[in-house]
Amino acid sequence: MMLDPILMLPAFRYGAMTPWGGRGLEKIGKTIPDERTGESLEVSVLPGLESRTVKGETLTELLQRYGTALRGEKVSETFPLLLKFISSEESLSVQVHPDDAYAGKYENGKLGKTEAWVILDCCEGAQIVFGTAPGMTREKLTEACAKGGETLRSSLRFVDVKPGDVYFIPAGMLHAIGAGITLMEIQQSSDVTYRFYDWDRVDKNGKPRELHIKKGLDVTALDLCSEATQAEEKDGVATYINEKAFSLDKWFVRGEKQLSATPEAFRILCPMQPMRLEWADGALDLKLGDSVLLPAMMKDAVLKGEGAAWVMSPGAEA
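All of these numbers come straight from a predicted model, not from anything done at the bench.

*Asks:* Can you walk me through the packing of aromatic side chains in this structure?
*Replies:* Two aromatic rings, taken as a pair, are described by how far apart their centres are and by the angle between their planes. Using the criterion set out here, one finds eight aromatic pairs in the structure. On the numbers, 4.7 Å between centres and 20° between planes, the contact of Phe79 with Phe266 is stacked. Here Phe79 is found in the loop between α2 (68–71) and β4 (81–88), whereas its partner Phe266 is found in the loop between β15 (246–259) and β16 (267–271), with 187 residues between them in sequence. Each member of the pair Phe79 and Phe266 is classed as buried. Through a chain of ring-to-ring contacts, three or more aromatic side chains come together here, namely Tyr102, Tyr106 and Tyr194. Above the ring of Trp251, the side-chain terminus of Lys257 is found at 5.3 Å from the ring centroid.

Spelled out as structure tokens, the structure:
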């Protein structure tokens, strides 16, 4: 069975779910549901936040219908990836995610969460939290969590970002998206997040968001501290990440690029400039903010245009 490429439409997280959100996703062509919209879940099987086709079919329904032809011969029946766009008016909470083993044991068999960010746009001086400050120990971090405020903030490592930067965030790495950033996030298909700190925010009733400090301390790896990921172009492809959870490549399209089936696994395509995807009996005109699911058994296609597109696929253990 050979399948067409599938343009996916997102589910949104907004309002009280993303108190740090704003209108930034409109800049990449999203029709947002609320002035505090933080996330568009582009390729998602999370219950209640499933992405859909233009016909209204959920990704879960597509997987049930097409099975291996869609997901790939070497991909587990549990869909392994989640793609989203995130835009922050304010800083997100400082958080950490468990690995598969911890989440499986303590979060009802769920996947852990390794992720990566591609910075699409940001304000001048924008920063992310990317690991802990030099010399941090578990004892110091535990004490900082108890004190909160400036003590905890001084325990964090802040990194300046710019458009085009790529950051790999393995399970166990403390992190946070700062204010004024729009990014693309590829991650394991999991909603397990442990919040360390939420910048002393409270809701309209004066209530702070729930924190998960004990579990967060359990899974934090203090030795995870790196820089933006670098890659070199080879034959029109720059590979930024090739890990057990997923791979992340940047394709450079100069006129056209041929695409064919990859029976082992599906791929996800996100163009950064207007492009056109054509196959024998169909076509899609694409723009920044669009997300296309490329089935494992996909009809031969050609991507036409000038510019770059991000391509993601499951890793060897997905």
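Okay, back to it.
*Asks:* Mind showing me how you'd approach the nonpolar core here?
*Replies:* Proteins that are soluble and globular tend to have nonpolar side chains buried together. Formed by 40 residues in total, the largest nonpolar core has its most connected members in Leu59, Met184, Leu248, Ile268, Trp310 and Met312. With residues up to four places along the chain from it excluded, the contact list for Ile268 reads Val43, Leu83, Ile186, Val292, Leu293, Trp310, Val311 and Met312.

*Asks:* What should I look at first to understand helix α1 (residues 59–66) in this one?
*Replies:* Residues lying three or four places apart along an α-helix face the same way, a consequence of the helix completing one turn every 3.6 residues. Within α1 the residues assigned to the buried category are Leu59, Leu62 and Leu63. The arc enclosing the buried residues of α1, seen along the axis, measures out at 100°, which places them on a common side. Here the buried face of α1 lies against β1 (6–8), β3 (37–43), α2 and β19 (291–294).

*Asks:* In this structure, what is going on with the sheet that holds β4? I would like to understand it.
*Replies:* Across a sheet, paired strands are connected by hydrogen bonds in the backbone, their directions being either parallel or antiparallel. Strand order across the open sheet formed by six strands is β2-β3-β4-β11-β6-β9, with antiparallel pairing between neighbours. In this open sheet, the two edge strands, each paired with only one partner strand, are β2 (11–14) and β9 (166–169). Taken pair by pair, the neighbouring strands of this sheet meet at an average axis angle of 20°, ignoring direction. Alignment of β2 against β3, held across four bridges, turns out to be antiparallel. Residue pairing for β3: Ala11 is matched across the bridge by Leu41.

*Asks:* Please explain the layout of surface pockets as it appears in this structure.
*Replies:* Taking a probe equal in size to a water molecule and rolling it over the atoms shows the remaining empty space. Reported here for the largest pocket is a volume of approximately 510 Å³. Around the largest pocket, the lining comprises 31 residues; the ones closest to its centre are Arg13, Gln95, Lys113, Asp191 and Thr193. Secondary structure elements with two or more residues in the lining of the largest pocket: β4, β6 (115–122), β10 (175–177) and β12 (194–197). Looking at side-chain class alone, the lining of the largest pocket contains 13 nonpolar, seven polar and eleven charged residues.

*Asks:* Please clarify how the pattern of salt bridges should be interpreted in this entry.
*Replies:* A pair can form between side chains of opposite charge whenever their charged atoms are brought close. Under the criterion given, the structure shown has 25 salt bridges. Close ionic contact of Arg209 with Asp198 constitutes a salt bridge, the shortest N to O distance being 3.4 Å. Here Arg209, found in the loop between β12 and α6 (213–219), pairs with Asp198, found in the loop between β12 and α6; they are eleven residues apart in sequence, far enough to count as distant. Using a relative accessible area of 22% as the deciding quantity, one classes Arg209 as partly exposed. For Lys299, the salt bridge identified is with Asp281, shortest N-O distance 3.0 Å. Of this pair, Lys299 sits in the loop between β19 and β20 (301–314) while Asp281 sits in the loop between β17 (275–279) and β18 (282–286), and the two are 18 residues apart along the sequence. According to the relative accessible area criterion, Asp281 is exposed, its value standing at 55%.

*Asks:* Would you mind going over the side chain of Glu57 with me for this structure?
*Replies:* Tracing the chain through its elements places Glu57 in the loop between β3 and α1. A residue is classified by how much of its surface remains accessible, and Glu57, at 18% relative accessible area, is buried. One polar contact links Glu57 to Arg65, side chain to side chain, over a distance of 2.7 Å. When residues no more than four places from it in sequence are discounted, the contact partners of Glu57 are Ser51, Arg52, Leu62 and Arg65.

Rules of the game
- Residues numbered from 1 in each chain as written.
- Predicted model: local features only at pLDDT ≥ 70, side-chain atom pairs only at ≥ 80, totals over all residues.
- Heavy atoms only, no water.
- Phe/Tyr/Trp six-rings, centres within 6.5 Å; stacked < 30°, edge-to-face > 60°.
- Helix = DSSP H or I, 4+ residues; strand = E, 2+ residues; numbered from the N terminus.
- Buried < 20%, exposed > 50% of the residue type's maximum accessible area, 1.4 Å probe, protein only.
- Lys NZ or Arg CZ within 6 Å of the ring centre and 35° of its normal.
- Core = buried A, V, L, I, M, F, W, Y, C linked by side-chain atoms within 4.5 Å.
- Contact = heavy atoms within 4.5 Å.
- Arc of directions from axis to C-beta.
- Pairing = 2+ DSSP bridges.
- Axes fitted to C-alpha atoms, helices over the stretch in contact; angles between N-to-C directions.
- 1 Å grid on protein atoms, 1.4 Å probe; cavity = no way out; pocket = protein on both sides within 12 Å on 5 of 7 lines; lining within 4 Å.
- Points joined across faces, edges and corners; volume = space filled by probe spheres on them.
- Nonpolar A, V, L, I, M, F, W, Y, C, P; charged D, E, K, R; others polar.
- Salt bridge = Lys/Arg side-chain N within 4 Å of Asp/Glu carboxyl O.
- Polar contact = N/O pair within 3.5 Å; in protein donor to acceptor, adjacent residues only side chain to side chain.

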